[in-house]
Amino acid sequence: MTYLMFVAGLVGLFVGGEFLVRGAVGVAQRLHIPPLVIGLTIVGFGTSTPELLVSLQAALSGAPSLALGNVIGSNIANVLLILGLSAMITAVPMRLSEMRRDFAVMIGATLVLWLMLAGDTVARWEGLVLVAALAGYLWACLNGAAGTSAPADGIIVRPLWKSLAFALGGLIVLMIGARFLVDSSTEIARTFGVSEAVIGLTIVAIGTSLPELATAIIAAIRRHPEIAVGNILGSNVFNILGILGVTAVVTPIPVAARFAGLDMALALAAALAMLGFAALPGRVGRLGGGALLAGYAGYVGFLGLG
């Protein structure tokens, strides 16, 4: 049964990702919004829904290390694993001139989180600050975006309702598939005595990042790399400002000392590496993708030895 759940989850992820990308591109074309903005908002925030559900459930059930590890581990996986795999499929262009604000918010949110982890608890008032920052960022992304991207000639644009239905249906299938994989993988890990923090940083983080992974890979295959980049940036911002913020508002999150060390250092290093690719070559090619994947493999290996 566990293996059947795994296979069903995997199929669900890629079917859902296909529909979500098609729907997101259709929404961007119909509203004349740059695909990057759709990736940052609808796709990036939507694919982070599993992280939100897992973190809230973990915090309320008395496993705060799982909730915090899920957010930090997902942000690490988004850059090193998802961007790395996307770049191995096709070169991923990143124009810094179009994403300065988004990189600044992602790196700033990471630094703020690290500062919050210096205390013993992420308090409710800190959660409210994070949620307010997310609302401001979302407004900045969408304000005036409609009508700024002219439709390409010769492209048949489907009705808005149909594109939204594609995107919503794909997102639902993605979440069901991710849940199947997370449940089975977490149960197996617990039978081997793996700690909650390590499960959160690896299995749950990767599992809840599977919608981002499937969406980014399919976006790369369909030659829409801007959706993959927006998905990663938007997801990382939402993970910290939205997921951690909402979770802290619901219940203050005790902080395990381990998170403020290697885990946050790597999360910041990954964000800065992504910025470096955007600032210097303006793209992530196969060599860069391989380096990101090697970094992630080293991190997971280190956690396994620990």
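Computed from a predicted structure; not experimentally measured. (Residues numbered from 1 in each chain as written. Predicted model: local features only at pLDDT ≥ 70, side-chain atom pairs only at ≥ 80, totals over all residues. Heavy atoms only, no water.)

**Examining the nonpolar core**
1) Next: In this structure, Ile72, Met94, Leu117 and Met274 are the most contacted members of the largest nonpolar core, which totals 76 residues.
2) Next: In terms of residue count, helix α10 (residues 225-250) provides more of this core than any other element does, twelve residues in total.
3) Next: Setting aside residues no more than four positions away along its own chain, Met94 makes contact with Met99, Phe103, Val229, Met274, Phe277, Ala278, Gly282, Arg283 and Val284.
4) Next: Counting residues in hydrophobic clusters, the runner-up holds five residues, among them Ala58, Ala63, Leu66 and Ala67. (Core = buried A, V, L, I, M, F, W, Y, C linked by side-chain atoms within 4.5 Å. Buried < 20%, exposed > 50% of the residue type's maximum accessible area, 1.4 Å probe, protein only. Helix = DSSP H or I, 4+ residues; strand = E, 2+ residues; numbered from the N terminus. Contact = heavy atoms within 4.5 Å.)

**Some points on the pattern of salt bridges**
1) Next: By the definition in use, this model includes two salt bridges.
2) Next: Between Glu98 and Arg95 there is a salt bridge, with the nearest N and O atoms lying 3.0 Å from each other.
3) Next: Judged by its relative accessible area of 45%, Glu98 falls in the partly exposed class.
4) Next: Here Asp102 makes a salt bridge to Arg101, at a shortest N to O gap of 3.3 Å.
5) Next: Overall, Asp102 belongs to the buried group, its relative accessible area being 2%. (Salt bridge = Lys/Arg side-chain N within 4 Å of Asp/Glu carboxyl O.)

**Thoughts on the side chain of Thr90**
1) Next: Tracing the chain through its elements places Thr90 in the loop between α4 (64-89) and β1 (92-93).
2) Next: What Thr90 contacts, discounting residues up to four positions off in sequence, is Ala220, Arg223 and Val284.

**Here we look at helix α9 (residues 210-221)**
1) Next: Taking 1.5 Å of rise per residue, the twelve residues of α9 would be expected to cover 16 Å, and the 16 Å separating its terminal C-alpha atoms lies within 8% of that figure.
2) Next: Counting buried positions along α9 yields eleven of twelve residues, so the element is predominantly enclosed.
3) Next: Just beyond α9, the residue with positive phi is Arg223, at close to 60°. (Expected span 1.5 Å × (residues − 1).)

**Concerning the packing of helix α5 (residues 96-116) against α10**
Packed helices, taken two at a time, are described by their axes: the angle between them and the distance between them.
1) Next: It is at 10 Å that the axes of α5 and α10 come closest, and there the two elements cross at 35°. Judged by the twist between their axes, the crossing of α5 over α10 is left-handed. Residues Met99, Asp102, Phe103, Val105, Met106, Ala109, Thr110 and Leu113 of α5 form the contact with α10, whose own contacting residues are Val229, Leu233, Asn236, Val237, Ile240, Leu241 and Leu244.
2) Next: Split into classes, the residues belonging to the contact of α5 with α10 amount to twelve nonpolar, two polar and one charged. (Axes fitted to C-alpha atoms, helices over the stretch in contact; angles between N-to-C directions. Left-handed = near helix turned anticlockwise from the far one by under 90°. Nonpolar A, V, L, I, M, F, W, Y, C, P; charged D, E, K, R; others polar.)

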